[in-house]
Amino acid sequence: MHIRLKTRFYHFMFSAVFLILLILYFSLPDYKIISSSKLSFPNHTEALVNVVVYKTKGSGQLLERITQEYMEINDPCDQLTLHLYRSKLRFASGEEPYRTVEIGAG
């Protein structure tokens, strides 16, 4: 009987931890802009945006949303470069982005 209680306890703990992790995952945003820089030249401007992507589903729409958010906050630019990272830790440690997207004139 003691072993059955132990087994039930372990099942309960595993289920509780799994549920907590699932709730934390769904509470994460799809992405977070962590830094940006802008270079202005006499006839065009370029912007570089570093983004942590937490959820990659619908990545085409995700890129559009990131671009739209950046353009709403900042002045429009001629060329926008997005560096996409899987975590803020990878960005902080100097790892290369898993994807780089250039939007606009080349």
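You'll find the structure just up there.
Here's what I pulled together on the structure shown here. (Residues numbered from 1 in each chain as written. Predicted model: local features only at pLDDT ≥ 70, side-chain atom pairs only at ≥ 80, totals over all residues. Heavy atoms only, no water.)

### Side note on the overall build of the protein chain
No. 1: From N to C terminus, the protein chain includes 3 helices and 4 strands.
No. 2: Secondary structure elements in the protein chain, listed N-terminal to C-terminal, are α-β-β-α-β-α-β.
No. 3: Projected onto its principal axes, the C-alpha coordinates of the protein chain cover approximately 80 × 25 × 20 Å.
No. 4: With 106 residues in all, the protein chain has 23% of them scored as buried.
No. 5: Looking at the protein chain alone, contacts between residues at least 24 apart form 50% of all its contacts between residues at least 6 apart.
No. 6: A total accessible area of about 8000 Å² is found for the protein chain, and carbon and sulfur atoms account for 60% of it. (Helix = DSSP H or I, 4+ residues; strand = E, 2+ residues; numbered from the N terminus. Buried < 20%, exposed > 50% of the residue type's maximum accessible area, 1.4 Å probe, protein only. Contact = heavy atoms within 4.5 Å. Areas by Shrake-Rupley, 256 points an atom, 1.4 Å probe, with all protein chains shown as cover.)

### A short note on the pairing of strand 2 (residues 45-53)
No. 1: With 7 of its 9 residues buried, strand 2 lies for the most part within the structure.
No. 2: Pairing of strand 1 (residues 31-40) with strand 2, which is carried by 9 bridges, proceeds in the antiparallel orientation. Bridged to Tyr31 within strand 2 is Val53.
No. 3: Taking the residues between adjacent antiparallel strands as the criterion, strand 1 and strand 2 are bridged by 4 residues.
No. 4: Of the crossover connections in this fold, the one passing from strand 2 over helix 2 (residues 59-73) to the parallel strand 3 (residues 79-85) is right-handed. (Pairing = 2+ DSSP bridges. Right-handed = clockwise from strand over helix to strand, strands pointing away.)

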